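A structural walkthrough
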Amino acid sequence: MTYTLLNLVFLAAVALVALAAVLARRSPEWRAVGAAAVLLLTLTAIFDNVIIGTGLVDYDDALISGVRIGLAPIEDFAYTVAALVLLPAVWELLPRRRTRDDGSP
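Reference entry: report on the structure contained in this document. (Residues numbered from 1 in each chain as written. Predicted model: local features only at pLDDT ≥ 70, side-chain atom pairs only at ≥ 80, totals over all residues. Heavy atoms only, no water.)

Considering the pattern of salt bridges
Any two side chains of opposite charge can pair, so long as their charged atoms come close to each other. Evaluation of the coordinates by the stated rule reveals one salt bridge. In this structure, the salt-bridge partner of Asp-61 is Arg-68, at a minimum N-O distance of 3.1 Å. With relative accessibility at 57%, the residue Asp-61 sits in the exposed group. The class of Arg-68 is partly exposed, set by a relative accessible area of 33%. (Salt bridge = Lys/Arg side-chain N within 4 Å of Asp/Glu carboxyl O. Buried < 20%, exposed > 50% of the residue type's maximum accessible area, 1.4 Å probe, protein only.)

Spelled out as structure tokens, the structure:
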């Protein structure tokens, strides 16, 4: 199984959870997700390139698309994208705690 196919399976599941949050009208604040995406994708690029460059991790060229950002295959970024979408969507789907009138939980 290629990394792209594996990523598609996980990203499809993430998309379903995100869709559930949107349909429940409890969608995450997507601007905040976008800001986090810039930071986390930059950090992913830096650290993936470091661990691949030092030889800690290597990829079979037959299992990746061949598209790379530096040394990191593009498929490696799917995990970051999945986390950026899944975590806020799950958070929004969790039951909210009611607060008392005085502001304390």
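A look at helix α1 (residues 3–23)
Over its 21 residues, α1 extends 30 Å from the first C-alpha to the last, a length consistent with the 30 Å expected when each residue adds 1.5 Å. Along α1, the residues that are buried comprise Asn-7, Val-14, Ala-18 and Ala-21. Seen end-on, α1 carries its buried residues on one side only, within an arc spanning 45 degrees. Away from the buried face of α1 by more than 90 degrees, exposed residues Leu-8, Val-9, Leu-16 and Leu-23 are located. (Helix = DSSP H or I, 4+ residues; strand = E, 2+ residues; numbered from the N terminus. Expected span 1.5 Å × (residues − 1). Arc of directions from axis to C-beta.)

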